[in-house]
Amino acid sequence: MFGFVTYLELIGEVGALKASLTTRLTPIAVLAVGWLLLDERIQPVALIGFGIIVAGFVLLESRDITAELAKYRSQFP
């Protein structure tokens, strides 16, 4: 229940697209924990899948990412 309420609050703060990123990052975090703590092997197909997820998010958020990069570039001439 707490997680769902927190998720709804996150949607209100950052929007649905960015809030949905949390559900996409969960498998990546679980894979990392399994690899670090349980010495599980990471299959190449899993890395390809995660790369596709990240690429899709970057495409959807490209305008925001470009604006953030421009802001940081203007700080360092």
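About the thresholds
Residues numbered from 1 in each chain as written. Predicted model: local features only at pLDDT ≥ 70, side-chain atom pairs only at ≥ 80, totals over all residues. Heavy atoms only, no water. Helix = DSSP H or I, 4+ residues; strand = E, 2+ residues; numbered from the N terminus. Rg over C-alpha atoms; globule rule 2.2 N^0.38 Å. Areas by Shrake-Rupley, 256 points an atom, 1.4 Å probe, with all protein chains shown as cover. Lys, Arg positive; Asp, Glu negative; His and termini not counted. Charge placed at Lys NZ, Arg CZ, Asp CG, Glu CD. UniProt positions renumbered as here; feature names shortened; annotations may be inferred. Expected span 1.5 Å × (residues − 1).

Caption draft 1: Molecular detail of the overall build of the chain. In terms of helices and strands, the chain carries four helices and zero strands. Along the chain, from the amino end to the carboxyl end, the secondary structure elements read α-α-α-α. The globule rule puts the C-alpha radius of gyration for 77 residues at 11 Å, and the 16 Å found for the chain is more than 25% above it. Taken along its principal axes, the extent of the C-alpha atoms in the chain is 45 × 35 × 20 Å. Summing over all exposed atoms, the chain offers an accessible surface of approximately 6,500 Å²; the carbon and sulfur share of this is 70%. Charge-centre separation for the chain: the mean point of 6 positive side chains lies 9 Å from the mean point of 7 negative side chains.

Caption draft 2: Quick peek at the UniProt feature "domain: EamA" (unreviewed entry) in the chain. UniProt feature "domain: EamA" (unreviewed entry): in the numbering of this structure it lies at residues 2-60. The annotated region residues 2-60 carries 90% helix and 0% strand content, and the separation between its end C-alpha atoms amounts to 28 Å.

Caption draft 3: Focus on helix α1 (residues 2-14). Given a rise of 1.5 Å per residue, 13 residues ought to cover 18 Å, and the 18 Å separating the end C-alpha atoms of α1 matches this to within 8%. The first or second residue beyond α1 is G15, which carries a positive phi of 100°.

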